[in-house]
Amino acid sequence: MAEAKKNHIENITLEEVPASEKKSWLSIAFIWAGNVICVPALMVGAMVSAGLDFIHSIIAMFIGYGIVVGLMMLIAAQSAQTGRPSMVAVSRALGDRGSQYSVSLIIAVSMIGWYGYQTIVCASSFCSLLKSGFGIDFPEWAGCLLWGGLMLVTAFYGIGLTKILNVISVPLLFVFLIYGVAIVLGDGGVQTLMDYQPSEPAGMMVGITISVGGFISGAATCGDYNRYSKDGKSAALSCLFGVIPAGVGALACGAILAICTGDSDITVMFASVGLPVVGMLVLILATWTTNVGNAYSAGIAVVNILKLKDDKRAVVTAICGIIGILLSLGGIVYYFVDFLSILSYLITPICAVLIADYWIMGKGKAENWKPFPGINWLGIVSWLAGAAATYLNSVFLPEITGIAVTIVLYTLLCHVVKNPKYNPFAEAK
């Protein structure tokens, strides 16, 4: 531990976070705010408003992020109580090998994919802004290497440097975004916003699903940061006040800027109102604060998959980030919408089975929790059933349906199956 502090490199990965390393709820809330204020959030806001008028877009955003935060608060509280990251917290719900080869793999692939996507978005917009605002031709591949590499440095060092980055960046991002919104609304934008009707209307469920998909990975991996929370209440507060105001605010800003400027590209948005430099700063800071979390969670997930020692997290994080940068060079940006849908279908029921396992069957007590050896097939079946219900449902909110199916099925199976080889709550005879 002393060496970790001396080198400023975090090396607590899968083991329990000691009490001496716990953080205030406000400092972790800043990390979550930095995660949700990002370029993709602005684009998700634009996507939601592409199918709904402004008022219904805001409602869909609140419902979507409300679903995510509800899941986050429970999962974060568990990680705070046990001091373990999400990849370890789910090791009873799905079994230690089940979580190792299913959830950890999904999270690793998802986070690396997000890192690649955000890197190419940042690089593309950065190059576009240099060209349109300053007449400078900067190759996109070089932008990916430049910004992907710089963002990776922060993730490499861990939560300490991430906390400092977000405390500085989040207030600046709020100021920049509010200023940009004020500019577009002050130039006839209010009337444009009120009169706006989408050219291709979509239902409320579509808007909610897009909103959920935009940050559902945050719910599944929230324990990676919230294991540093002092207790369950502190963890819940950091999620509630870190995500809802900043997250919905970022989506709303994206919708307002897109509707009033007619473009969802953040650099075009700000350049169109004569603020290219502000657009560049928002682009860089918003991507940086979020992409750090992507690489960080990917590193933890891979450490769990390979069962490496805790002090390997930094190196593994670097490798994950490099893979993400390579993916950005391959054009992962073109698969963004499908990627959001896959995340929503697969990750939401993972959160639900974890909640059912710890809060319902385990009574929400850290002393009742311990990993289940092998594969918990009750959890695996419940997870897959919830994913299928989420995917197939077209009548009610897919995410809510998937959550309900997963929780009910897992709870029922745990009460019906009496064999301790398959049920972590069955007593051995």
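Within each chain, residue numbers correspond to sequence positions counted from 1 in written order. Totals for whole chains, interfaces and linings use all residues, but because this is a predicted model, local features are given only for residues with pLDDT of at least 70 and pairs of side-chain atoms are given and counted only at 80 or more. Only hydrogens and water are removed before side-chain values are computed, so all heavy atoms of the structure are retained for them.

### Regarding the confidence of the model for the protein chain
- One number per residue, pLDDT, summarises how confident the predictor is, and it ranges from 0 to 100. Predicted confidence across the protein chain gives a mean pLDDT of 84, with 90% of residues reaching 70 or more.
- Between residues 1–6, whose pLDDT stays under 50, and residues either more than four places distant or in other chains, the model counts six contacts. Only heavy atoms matter for contacts: two residues are in contact if any of them lie within 4.5 Å across the pair.

### Looking at helix α17 (residues 398–416)
- The end-to-end C-alpha distance of α17, which contains 19 residues, comes to 27 Å, matching closely the 27 Å that a straight helix rising 1.5 Å per residue would cover.
- When we look at burial in α17, the residues that qualify are Pro-398, Glu-399, Gly-402, Ile-403, Thr-406, Ile-407, Tyr-410, Thr-411, Leu-413 and Cys-414. Counting from the N terminus, the helices are the DSSP runs of H or I reaching at least four residues and the strands are the DSSP runs of E reaching at least two. Expected span, for any helix, means 1.5 Å times one less than how many residues it has. For each residue, the accessible area found with a 1.4 Å probe, counting protein chains only, is set against the maximum for its type, and the residue is called buried under 20%, exposed over 50%, and partly exposed in between.

### Observations regarding unusual backbone geometry
- Even without being a glycine, Lys-307 presents a positive backbone phi close to 55°.
- Turning to its location among the elements, Lys-307 is positioned in the loop between α13 (276–306) and α14 (313–329).
- For Lys-363, which is not a glycine, the phi torsion comes out positive at approximately 60°.
- Inspection of the secondary structure puts Lys-363 in the loop between α15 (336–361) and α16 (377–392).
- When its relative accessible area of 59% is taken as the criterion, Lys-363 is described as exposed.

### A closer look at a nonpolar patch on the surface
- Together, Phe-134, Ile-136, Phe-138, Leu-146, Leu-150, Val-277 and Leu-281 make up a nonpolar patch on the protein surface, roughly 550 Å² of accessible area in all.
- At the level of secondary structure, the elements contributing two or more residues to the nonpolar patch comprise α7 (140–157) and α13.
- Turning to its location among the elements, Leu-150 is positioned in helix α7. Each patch groups residues whose relative accessible area exceeds 30% and which form no salt bridge, using 9 Å between like charges and 5 Å between nonpolar side chains of Val, Leu, Ile, Met, Phe, Trp and Tyr. The accessible surface values rely on the Shrake-Rupley method and a 1.4 Å probe; as for residues, cover is taken only from the protein chains in view. The working definition used for a salt bridge is a side-chain nitrogen of Lys or Arg within 4 Å of a carboxyl oxygen of Asp or Glu.

### A closer look at the pattern of salt bridges
- Applying the stated criterion across every chain, the model contains two salt bridges.
- The residue Asp-357 makes a salt bridge to Arg-92 at a minimum N-O spacing of 2.8 Å. Of this pair, Asp-357 sits in helix α15 while Arg-92 sits in the loop between α5 (86–89) and α6 (96–134), and the two are 265 residues apart along the sequence.
- We note a salt bridge from Lys-131 to Asp-137, for which the minimum N-O separation is 3.1 Å.

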